[in-house]
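# Secondary and tertiary structure notes
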Amino acid sequence: MMKKTILCCLFLLSFVSATFSQTSTGVLQAGTPKSTISRFIYGHFAEHLGRCIYDGFYVGEKNTAIPNTAGVRNDVVAALRKLKVPVLRWPGGCFADTYHWKDGIGPKAKRPKMVNVWWGGVTEDNSFGTHDFLNMCELIGAEPYLAANIGSGTVQDVADWVNYVNFPGESPMTNLRKANGRSKPWNVRFWGVGNEAWGCGGNMKPDYYSDLYRKYATFMSDWSNTSHIFRVASGANSADYNWTETLMKNIPLHMVEGVALHHYSVINWSKKGDAVNYSEDEYFKTMQQALFMDSLVQHHSAIMDKYDPQKKVALVVDEWGGWYDVEKGSNPGFLYQQNTMRDAMIAGTTLNIFNNHSDRVRMANLAQAINVLQAVILTKGNKMILTPTYHVMEMYNVHQDARLLPLTIRSGDYVVSGQKLPAVSGSASVDSLGRTHVSLVNIDAQKEQTVSLQVEGGKYSTLTGRILQSGKLQDYNSFENPAKIQPAVFNGATLAGGALNVKLPPFSVVVLEMK
Ligand code: AHR
């Protein structure tokens, strides 16, 4: 009788663990560092859209009780400094190809107003302009990435903008800059040559855009680009491989430093679903879109390899992230959405993809930094909260400028409605101080994953870790409960006999440090 009961218990135990736990295996080649993971992969994006700039970054100097420096919120600056934001893209997005930078300089009271036709039809008073943005980047410690208007602006406008912000000598533009209070140039390296030229940037065809690109890029620099600016061609919409092919074929390599790619994790453009109240089925579909980034990066990179085998031109994923229906009651043109553990999963898996393809992906910009789409920060009056996405990006910043370590994972499956995705993704790097970091994500909403990695070529005496997890997939940080989801110390990993074993709870992100 006793024997029968024990057998029955053992059977039940193995059934329960098969149902709630799964094993993934893999190899970490800790002794063979590869490409440098550019810190610019951890970039952000700030558009004149909804409450991203106004209310988000900028509250103005007057008539506000919110502590600020030249109108920029101090709480936001501190949070973004902690995040180590390496680059910030501005002023759009679709807004960029309607933006006339000369309207945003000089005395604020005299600046002309415009209508933000793409985003809610609101009046833009141009109170946040070039000086405000570039000075703010200095406060944050981020490099600016200016998206130039080639949709409705002239070649002269763009050439003047480059001269205004970068030229050290005397010129009409630099005299204007000095008259507006800035003597030293800002030396802006990153420049977008239009945005989504296939859509809101002008509905162009790739052949036409490449010619236009060549013209604008010519006047932004000189033949040999002695000003060393980094020009990014407006890139493909997701899987439009013909766009990349045409650009790479038509634009000489000495005229382009980066080619962009935009891809959002959206279930269905006409029915995006709620940002918080979603089913596991919707979550799974979002993750299918997020993981599709791997295939996109591989295919676009293969096309670039044909024309640029030495990988001189970077693939710049300057818009990515989750996109859902706007929060009920908010302006539909403002794209305000909450941010749950689903977004943490998108962030962790996408950053792993970028890290693992860092030989070609050398910049990326999450859309968008504050109060828009997959934001890292949400604000409400004088309150500010950090989203789960913020915490993932902060945990992962250990990879910035570190050398990639090859990590292969044979993952267990995450199965929903008969469809499957790899549950576990990861990436690893070694930094300049010799510390190895391994970031792992388990997207499975139900099952724990035991990840067993064989570590080749590294000798370590300490292992520490941090985890981001929560009780429910749909959990989020709110203004009432801002610290519900936060990184915590992780004790679920062991390192012994060349094996790293990690127990990843369902829908969790873990970053390990080994020294
Ligand atoms: O990020 C929101 C919008 O999405 C951007 O303005 C545009 O480039 C893209 O379509």
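About the cut-offs
Residues numbered from 1 in each chain as written. Predicted model: local features only at pLDDT ≥ 70, side-chain atom pairs only at ≥ 80, totals over all residues. Heavy atoms only, no water. Helix = DSSP H or I, 4+ residues; strand = E, 2+ residues; numbered from the N terminus. Buried < 20%, exposed > 50% of the residue type's maximum accessible area, 1.4 Å probe, protein only. Contact = heavy atoms within 4.5 Å. Near = heavy atom within 4 Å. Polar contact = N/O pair within 3.5 Å; in protein donor to acceptor, adjacent residues only side chain to side chain. Areas by Shrake-Rupley, 256 points an atom, 1.4 Å probe, with all protein chains shown as cover. Nonpolar A, V, L, I, M, F, W, Y, C, P; charged D, E, K, R; others polar. Domains from an automatic or database assignment. Buried area = accessible area lost by both parts, 1.4 Å probe. Salt bridge = Lys/Arg side-chain N within 4 Å of Asp/Glu carboxyl O.

Attention shifts here to unusual backbone geometry. Trans peptide bonds make up most of the peptide bonds, and negative phi angles are found at most residues other than glycine. That bond from Gly92 to Gly93 is cis: its omega, 15 degrees, falls within 30 degrees of zero. Here Gly93 lies in the loop between strand 5 (87-90) and strand 6 (114-116). The linkage connecting Ala367 with the following residue, Gln368, adopts the cis geometry, with an omega of -10 degrees. In this structure, Gln368 sits in the loop between strand 13 (361-367) and strand 14 (377-380). Even without a glycine there, the phi angle at Asp55 is positive, about 95 degrees. Note on placement: Asp55 falls in the loop between strand 2 (43-45) and strand 3 (68-69). Residue class for Asp55 comes out partly exposed when judged on its relative accessible area of 39%. Positive phi values are uncommon outside glycine, yet Ser417 reaches one of about 50 degrees.

A word on the environment of Arg410. Here Arg410 lies in strand 17 (residues 407-410). Given the relative accessible area of 55%, Arg410 is considered exposed. Between the C-alpha atom of Arg410 and that of Arg51, which follows or precedes it by 359 residues, the distance is 42 Å. Contact partners of Arg410, with chain neighbours within four places excluded, come to Ser24, Thr25 and Gly26.

Surrounding the ligand, one finds 13 residues, the nearest of these being Glu47, Cys94, Glu196, Tyr264 and Glu319. The separation between an oxygen atom of the ligand and a polar side-chain atom of Asn195 is 3.1 Å. If the ligand stood free it would expose 290 Å²; the protein chains cover 93% of that surface. Here the shell around the ligand is composed, by residue class, of seven nonpolar, three polar and three charged.

As a further point, take the domain arrangement of the protein chain. By the assigned domains, the protein chain splits into domain 1 (21-33 + 406-514) and domain 2 (39-401). Relative to domain 2, the C-alpha centre of domain 1 lies at a distance of 29 Å. Residue-level contacts link 42 residues of domain 1 with 38 residues of domain 2. Taking both sides of the interface into account, the surface hidden between domain 1 and domain 2 amounts to around 3,300 Å²; carbon and sulfur atoms contribute 66%. Here Arg466 makes a salt bridge to Glu394, at a shortest N to O gap of 2.9 Å. Between domain 1 and domain 2 we count 20 residue pairs in polar contact (both at pLDDT 80 or more) in total. Sorting elements by how many residues they give to the side of domain 1 that touches domain 2 places strand 20 (residues 424-430) first, with five residues. Tallied by class, residues from the side of domain 1 that touches domain 2 come to 20 nonpolar, 17 polar and five charged.

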